[in-house]
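Residues per chain are reported as follows:
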Amino acid sequence: MKNGSIILVGGPASGKTNYIARLWLAFAARKGKLRAKNLPANIEYVNQAVAYLQARQFAPRSDTNMDESGRRDFSIEVCGEDGTGEVRNLTVPDITGELWSRAIKTYELPKDWMEALEDSSSAILFVRAHSKFNLQPMDWVTAREILQGHEDEDDDDLDDDDDTYGDDEDEDGEPIETARSPKATVQEDAEVETVVVAVPPMEAEPGTKQADDGDQSNVVQKRDVLPAQVGFCELLRYLELLLRKRPDGSKPRVAVVVTAWDMLDGDATAASPMQYLENEFPMLAGRIKTPGRLDIELFGMSIVGGNLRGAPNKLFRDSLKGRDLSEVGYTAVMRNGVLVHDPDVTLPLAWALGD
């Protein structure tokens, strides 16, 4: 029996726990390309996440105060090729999104995290669509608001006399003769015309849904937090530095999974996951397309095929009553240049493991 491990990487509320819950339902029903021989007992937090899904609710975020001692690793025996492949003992180290977020801010990884990464040759990086934690970089509107408060400040703490020191001297300290241009004069009583430009409201980018006022009221953007795509690139950097090569000597595999794929509008869900990243996180998309020591594949993921939250989605929640939830949800994957919604949610994990 082979031994292996896979690292689940993502920030807060990125969809890791709900994916594990949906994966567990697929394992229990013995559906998918990757199948479990037996489900381990006493996996309390996984069972809790499954219970939330069966109650037609998404699992809540992990405890934001949890430290490294709160990790909940688990192991499971799986086999690929629709259950006919070789059995392997798969270990899944659990590191919460809050801890990954802290690692990005401090640029530090605990020793046991580094050991877990170095023991693995595969990972899944979760990127959640429309997450309030996906802080966007400043645009010209937010930049204007910030810079207005600094328009009268100097670039540094030097005195005015020091700013031009040496500008009128050559390398030997001799004065430099310069031609003086006539001074422009302005009549003191001249009337100055003021032009007021109305700034239209920002329109939603193509492929995204316009959030309503209720959604925006819960979003608080902190200026001391890195833009989301910078954080994603930093997580990829950790994986590139620390993941080991696969047993056959090939590159480590990283599946990038865009969760909440069903939250995108029709045009975006018909496009590829790469096109979504190019529109929303161009820096991350460029990083993925840059050749390196990682083999990266993109997937979209819908846990149950729709949104379970909010009164507007009650009809969808009611439609799931009494249904086998291992039959809902899908993986969005490109095949022969066409985006396909495959009901097999094990595909990202199976690909990352090489099955």
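Preceding this section is the structure that the text describes.
Residues numbered from 1 in each chain as written. Predicted model: local features only at pLDDT ≥ 70, side-chain atom pairs only at ≥ 80, totals over all residues. Heavy atoms only, no water.

Whenever I open this one, the packing of helix H8 (residues 228-242) against helix H11 (residues 282-289) confuses me. Can you help?
The angle between the axes and the distance between the axes are what describe a pair of packed helices. One way to put it is that H8 packs onto H11 with a least axis distance of 8 Å and a crossing angle of 25°. One way to sum up the angle between H8 and H11 is to call them roughly parallel. Crossing geometry of H8 relative to H11 is assigned as right-handed. Contacts between H8 and H11 involve Gln-229, Val-230, Phe-232, Cys-233, Leu-236 and Glu-240 on the former and, on the latter, Pro-282, Met-283, Leu-284, Arg-287 and Ile-288. Of the residues contributing to the contact of H8 with H11, the split by class is 8 nonpolar, 1 polar and 2 charged. (Axes fitted to C-alpha atoms, helices over the stretch in contact; angles between N-to-C directions. Helix = DSSP H or I, 4+ residues; strand = E, 2+ residues; numbered from the N terminus. Parallel < 35°, antiparallel > 145°, perpendicular 65-115°, else oblique. Left-handed = near helix turned anticlockwise from the far one by under 90°. Contact = heavy atoms within 4.5 Å. Nonpolar A, V, L, I, M, F, W, Y, C, P; charged D, E, K, R; others polar.)

Just to check I follow, could you spell out the sheet that holds strand S6 (residues 122-128) for this structure?
Each strand in a sheet pairs with its neighbour through backbone hydrogen bonds, running either in the same direction (parallel) or in the opposite one (antiparallel). Spatial ordering of the open sheet is given by S2-S6-S7-S8-S9-S10, a layout of 6 strands whose pairing is mixed. The sheet is open, and its two edges are formed by strand S2 (7-9) and strand S10 (338-342), each paired on a single side. When the angles between neighbouring strand axes are averaged without regard to direction, this sheet yields 25°. Both strand S8 (residues 295-302) and strand S9 (residues 330-335) contribute to a ladder of 3 bridges, which runs antiparallel. Residue pairing for S9: Met-301 is matched across the bridge by Thr-331. (Pairing = 2+ DSSP bridges.)

What is the right way to read empty space enclosed by the protein from this model?
Over the atoms rolls a probe the size of a water molecule, and its path tells where empty space is left. Enumeration over the complete set of coordinates arrives at 1 cavity of 30 Å³ or more. Reported here for the largest cavity is a volume of approximately 90 Å³. Lining the largest cavity are 13 residues, and of these Leu-8, Leu-23, Phe-74, Val-92 and Leu-349 lie nearest its centre. Elements with a minimum of two residues in the lining of the largest cavity: helix H1 (16-28), strand S4 (74-79) and strand S5 (87-92). Among the elements that take part in the lining of the largest cavity, H1 stands out by supplying 5 residues, more than any other. Of the residues assigned to the lining of the largest cavity, the class counts are 13 nonpolar, no polar and no charged. (1 Å grid on protein atoms, 1.4 Å probe; cavity = no way out; pocket = protein on both sides within 12 Å on 5 of 7 lines; lining within 4 Å. Points joined across faces, edges and corners; volume = space filled by probe spheres on them.)

Can you walk me through the packing of aromatic side chains in this structure?
Here the distance between the centres and the angle between the planes together describe a pair of aromatic rings. If you walk through the whole model with that rule in mind, you get 6 aromatic pairs. Note on Tyr-19 and Phe-126: the rings are 5.7 Å apart at their centroids and 55° apart in plane angle, and the pair reads as tilted. Here the residue Tyr-19 occupies a position in helix H1, and Phe-126 occupies one in strand S6, the gap between them amounting to 107 residues. Judged by centre distance (6.2 Å) and plane angle (70°), the rings of Trp-261 and Tyr-276 are edge-to-face. Of this pair, Trp-261 sits in the loop between strand S7 (253-259) and helix H9 (266-270) while Tyr-276 is found in helix H10 (residues 273-280), placing the two residues 15 residues apart along the sequence. Considered together, Trp-261 and Tyr-276 belong to a single accessibility category, that of buried residues. A network of ring pairs unites the aromatic residues Phe-232, Trp-261, Tyr-276 and Phe-281 as a single cluster. (Phe/Tyr/Trp six-rings, centres within 6.5 Å; stacked < 30°, edge-to-face > 60°. Buried < 20%, exposed > 50% of the residue type's maximum accessible area, 1.4 Å probe, protein only.)

I would appreciate a short explanation of the environment of Glu-81 in the present structure.
You can see Glu-81 is positioned in the loop between S4 and S5. Given the relative accessible area of 53%, Glu-81 is considered exposed. For the pair Glu-81 and Ala-350, spaced 269 residues apart in the sequence, the C-alpha separation amounts to 8.9 Å.

Sorry if this is basic, but what is going on with the pairing of S4 here?
On a regular strand, each side chain points to the face opposite its neighbour's, so the side chains alternate between the two faces of the sheet. With 3 bridges joining them, strand S3 (residues 35-38) and S4 adopt antiparallel strand pairing. Directly across from Asn-38, in S4, lies its bridge partner Glu-77.

What's the story with H1 in this structure? I'm lost.
The α-helix winds at 3.6 residues per turn, so residues separated by three or four positions along the chain end up facing the same way. The terminal C-alpha atoms of H1 lie 18 Å apart, and with 13 residues this matches the ideal 18 Å at 1.5 Å per residue to within 8%. Counted residue by residue, H1 has 11 buried out of 13 residues, so it is predominantly covered. Of the residues making up H1, those classed as buried are Lys-16, Asn-18, Tyr-19, Ile-20, Ala-21, Arg-22, Leu-23, Trp-24, Leu-25, Ala-26 and Phe-27. Arg-30, located one to two residues past H1, shows a positive phi value of around 55°. (Expected span 1.5 Å × (residues − 1).)

Would you take a moment to explain unusual backbone geometry for this structure?
Most peptide bonds take the trans configuration, and most residues that are not glycine carry a negative phi. Within the chain, Arg-56 stands out as a residue other than glycine whose phi angle is a positive 60°. Position of Arg-56 relative to the elements: it lies in the loop between helix H2 (44-54) and S4. The exposure class of Arg-56 is partly exposed, given its relative accessible area of 21%. The residue Glu-81 is not glycine, and still its phi comes out positive at about 55°.

Looking at this structure, I do not really get the sheet that holds strand S1 (residues 2-5). What am I missing?
Spatially, 4 strands are ordered S1-S5-S4-S3 in an open sheet, and the strand pairing comes out mixed. Here the strands that pair on one side only, and so sit at the sheet edges, are S1 and S3. Along the sheet, successive strands turn relative to each other by an average axial angle of 40°, direction set aside. Inspection of the sheet shows S4 paired to S5 by 6 bridges, in the antiparallel sense. Looking at the pairing, Ser-75 lines up with Thr-91 of S5. Here H1 sits on the sheet and contacts S3 and S4; the angle it forms with S4, its principal contact strand, is near 45°.

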